[in-house]
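Structural description and commentary
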Protein chains: 2
Amino acid sequence: MGMKTLKVIKIGGDIIDDNEALLGFLKDFSNLKGPKLLVHGGGKSATDLAKKMGVEVKMIDGRRITDVHTLDIIVMMYAGKINKYIVANLQANQCNAIGFSGADGNSIISTKRPTTPVDFGFAGDVTQVNTEVLELLINQNITPVFCAITHDKNGQLLNTNADTIASELAIALAKTYQTELYYCFEKSGVLRDINDEFSVIESITPDNVQELIQNKIISDGMLPKIKNSINAVNHKVNKVCIGKSEMIFNPFTYFTSITK
Amino acid sequence: MGMKTLKVIKIGGDIIDDNEALLGFLKDFSNLKGPKLLVHGGGKSATDLAKKMGVEVKMIDGRRITDVHTLDIIVMMYAGKINKYIVANLQANQCNAIGFSGADGNSIISTKRPTTPVDFGFAGDVTQVNTEVLELLINQNITPVFCAITHDKNGQLLNTNADTIASELAIALAKTYQTELYYCFEKSGVLRDINDEFSVIESITPDNVQELIQNKIISDGMLPKIKNSINAVNHKVNKVCIGKSEMIFNPFTYFTSITK
């Protein structure tokens, strides 16, 4: 008997920030058959809340510096407001879900990022994923819903990249399931020409990725996503798909597929 | 073979608001053997955050009016910051825990309270408790940690009294476990004389409770707690204990015991 297929789906800010799009996605996601797991980013909400509370938002190279006040805001917004909103709306669509941070079920342990060369504050790099509790729930048709917060097993919560959370979960669960990882974002995939939605690169592999990076076709914000994707397929994840969320539900949608 | 004993423990604002007391409690709680479940209130944190965000706190008869902004604050603070802080610190003490709102695992469904005579806004009255997921986890030695938020199964989160959450969970789980409910607060129990910590009433039953209420020995803030307690022992909960959290860990502590 073959392994069951598990879909690990990550949604980003473009869906989170658009309530109608989010509710539409959650309805489609609920109707998806078979084992599944959702990872969500935070969108602009944390920045908006920080402004309201008078907490300064510090970024270096497009990455947030998580000081102690920012961590509070992120935990409240991601693990609180967004995560529970998603779970409540999945329940409304008859999809039984449970919200997770990495602390819940001790599922994702991370270590605080070294403070040199840049001190990112309470940012965590994943060191261990424990899948027992997740498998227990998934096998009962219950869907884990992850926000991008981890813990260090010493009581400290840490802000962690949501793309990385998704790939690390997909990799860890690949020992039990045939795992597929979907990165949903606002574009139709990795584009040859960033201004041309029809220039989707259909297939990326560990073999052709270096050339795409050297030619600057993959750069900036896409680079970490691709690194996470290549890391995933190099660690037994069957395939990674990058594109609009429609790619999951509509077989006629273009997207970028990353396989080994 | 008899049923296993499950301890349902509710901690209130006095512990939540005192970080040292909270960490001490979580350490003791982690060392507690056998099936257990934690319910936490919110303390002053939500009011503090509301002030910071310029959201007006409205109370009627000591009860919060939950408008849409207040609900956001409560969800962020209770399900986000406090719940994840507790879970992370239980993990640090080797107690495997998972944070829950009533939406998670569809565990507690409520209905929005009628708007007459007083419109409490997004306040929920519990209508159904589903214990399957909780039992699945408890039987794997994983401890559910509940904040006092429920959902209406139509996507709406609702603010719910934490004492009621604790008694409803204890009642629902009493069909599977010998259930004990512990209400921890700042006093040593129900006091005959509110100014005398040594006047703890040792035993309350459905038979003597009316007299205590008529004589105003039980009044004000204690009244809903006692009603929840009597309701619990009338619905197969073995006993309810009211007092300082020490009552759970130290056999020489005074507390009030409510039994049938």
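Only a predicted model underlies this, so the values are computations on that prediction, with no experimental measurement involved. (Residues numbered from 1 in each chain as written. Chains lettered and ligands numbered in written order. Predicted model: local features only at pLDDT ≥ 70, side-chain atom pairs only at ≥ 80, totals over all residues. Heavy atoms only, no water.)

All names here are of chain A. Following the UniProt record, one finds the feature "site: Transition state stabilizer" (unreviewed entry) at Lys10 and Lys225. A compact arrangement is adopted by the annotated residues: their sequence extent is 216 residues, whereas the largest C-alpha distance between any two is 11.2 Å. Note on placement: Lys10 falls in strand 1 (residues 5-11). On the basis of relative accessible area, Lys10 is assigned to the buried category, the value being 8%. A distance of 2.9 Å separates polar atoms of two side chains, one belonging to Lys10 and the other to Asp163. Lys225 gets classed as buried once you look at its relative accessible area, which sits at 7%. Excluding anything up to four places from it in sequence, Lys225 contacts Lys10, Asp163, Tyr183, Phe185 and Ile242. (UniProt positions renumbered as here; feature names shortened; annotations may be inferred. Helix = DSSP H or I, 4+ residues; strand = E, 2+ residues; numbered from the N terminus. Buried < 20%, exposed > 50% of the residue type's maximum accessible area, 1.4 Å probe, protein only. Polar contact = N/O pair within 3.5 Å; in protein donor to acceptor, adjacent residues only side chain to side chain. Contact = heavy atoms within 4.5 Å.)

For the rest of this paragraph, the subject is the pairing of strand 11 (residues 178-184) of chain B. Residue and element names in this part refer to chain B. Counted residue by residue, strand 11 has six buried out of seven residues, so it is predominantly covered. Pairing of strand 1 (residues 5-11) with strand 11, which is carried by seven bridges, proceeds in the parallel orientation. Within strand 11, the residue paired with Leu6 across the bridge is Thr179. (Pairing = 2+ DSSP bridges.)

Here strand 11 (residues 178-184) of chain A runs beside strand 13 (residues 239-243) of chain A; their pairing, made up of five bridges, is parallel. Across the sheet, the residue bridging to A:Tyr182 is A:Cys241, located in strand 13 of chain A.

Time to look at the packing of aromatic side chains. Residue and element names in this part refer to chain A. Under the criterion given, the structure shown has six aromatic pairs over all chains. Through pairs of rings, three or more aromatic residues link up here, namely Phe25, Phe29 and Phe249. Positioned above the aromatic ring of Phe29, the side-chain terminus of Lys36 is 5.0 Å from the ring centre. (Phe/Tyr/Trp six-rings, centres within 6.5 Å; stacked < 30°, edge-to-face > 60°. Lys NZ or Arg CZ within 6 Å of the ring centre and 35° of its normal.)

Once that is clear, we can look at the UniProt feature "binding site: substrate" (unreviewed entry) in chain A. All names here are of chain A. Sequence positions flagged by UniProt for "binding site: substrate" (unreviewed entry) are, in local numbering, Gly42, Gly43, Arg64 and Asn159. For this annotated set, covering 118 residues, all C-alpha atoms fall within 14.0 Å of each other, a compact arrangement in space. Looking at where Gly43 falls in the secondary structure, it is placed in the loop between strand 2 (36-40) and helix 3 (45-52). You can call Gly43 partly exposed: its relative accessible area is 27%. Of the residues examined, Asn159 reaches a relative accessible area of 12% and is grouped as buried. In contact with Asn159, not counting residues within four places along its chain, are Arg64, Thr66, Leu71, Ile74, Phe122, Ala123, Gly124 and Ala148.

Here the focus is helix 8 (residues 222-233) of chain A. Taking 1.5 Å per residue as the helical rise, helix 8 of chain A with its 12 residues ought to reach 16 Å, and the 17 Å between its terminal C-alpha atoms agrees with that figure. Within the sequence span of helix 8 of chain A, burial applies to A:Met222, A:Lys225, A:Ile226, A:Asn228, A:Ser229, A:Ile230, A:Ala232 and A:Val233. (Expected span 1.5 Å × (residues − 1).)

Contacts between the two partners involve 38 residues from chain B and, on the opposite side, 38 residues from chain A. Summed over both sides, the interface between chain B and chain A buries roughly 3000 Å², with carbon and sulfur atoms accounting for 67% of that surface. Linking chain B with chain A are four salt bridges, by the criterion used here. Put simply, A:Asp104 and B:Lys84 hold a salt bridge, and the shortest N to O gap is 2.9 Å. Connecting chain B to chain A are 14 residue pairs in polar contact (both at pLDDT 80 or more). Of all the secondary structure elements, the ones that give two or more residues to the side of chain B that touches chain A are helix 3 (45-52), helix 4 (68-92), strand 5 (97-100) and helix 5 (132-138) of chain B. Here the element with the most residues in the side of chain B that touches chain A is helix 4 of chain B; it accounts for 14 residues. Tallied by class, residues from the side of chain B that touches chain A come to 19 nonpolar, 13 polar and six charged. (Buried area = accessible area lost by both parts, 1.4 Å probe. Salt bridge = Lys/Arg side-chain N within 4 Å of Asp/Glu carboxyl O. Nonpolar A, V, L, I, M, F, W, Y, C, P; charged D, E, K, R; others polar.)

Let us now look at helix 4 of chain B. All names here are of chain B. For helix 4, built from 25 residues, the straight-helix expectation of 36 Å at 1.5 Å per residue is met to within 8% by its first-to-last C-alpha distance of 35 Å. Where helix 4 bends most, the angle comes to about 35°, and this point is Asn83. By the criterion of burial, helix 4 is predominantly enclosed, with 19 of the 25 residues buried. For helix 4, the N-terminal capping position is held by Asp67, with its side-chain oxygen 3.2 Å away from the main-chain nitrogen of His69. (Bend = angle between axes of the 7 residues up to and from the residue.)

With that settled, the discussion passes to the relation of the copies chain B and chain A. The operation relating chain B to chain A is a screw motion whose rotation component is 180°, with 0.0 Å of axial translation and a residual RMSD of 0.0 Å. Put plainly, the chains are arranged around a two-fold axis. An overlap of 100% is found between the interface residues of chain B and their copies at the interface of chain A, pointing to a shared contact surface. (Least-squares fit on C-alpha atoms with pLDDT ≥ 70 in both.)

Glancing now at the pattern of salt bridges. This structure, assessed with the given rule, holds 18 salt bridges over all chains. The network of salt bridges with common partners includes A:Lys10, A:Asp163 and A:Lys225.

This part is about the side chain of A:Ser188. All names here are of chain A. Here Ser188 is to be found in the loop between strand 11 and strand 12 (203-204). We classify Ser188 as buried; its relative accessible area is 13%. Within the local environment of Ser188, its side chain forms a polar contact with the side chain of Glu197, the two groups lying 2.4 Å apart. Among residues more than four places away in sequence, those in contact with Ser188 are Glu197, Val200, Ile242, Gly243, Lys244, Tyr254, Phe255 and Thr256.

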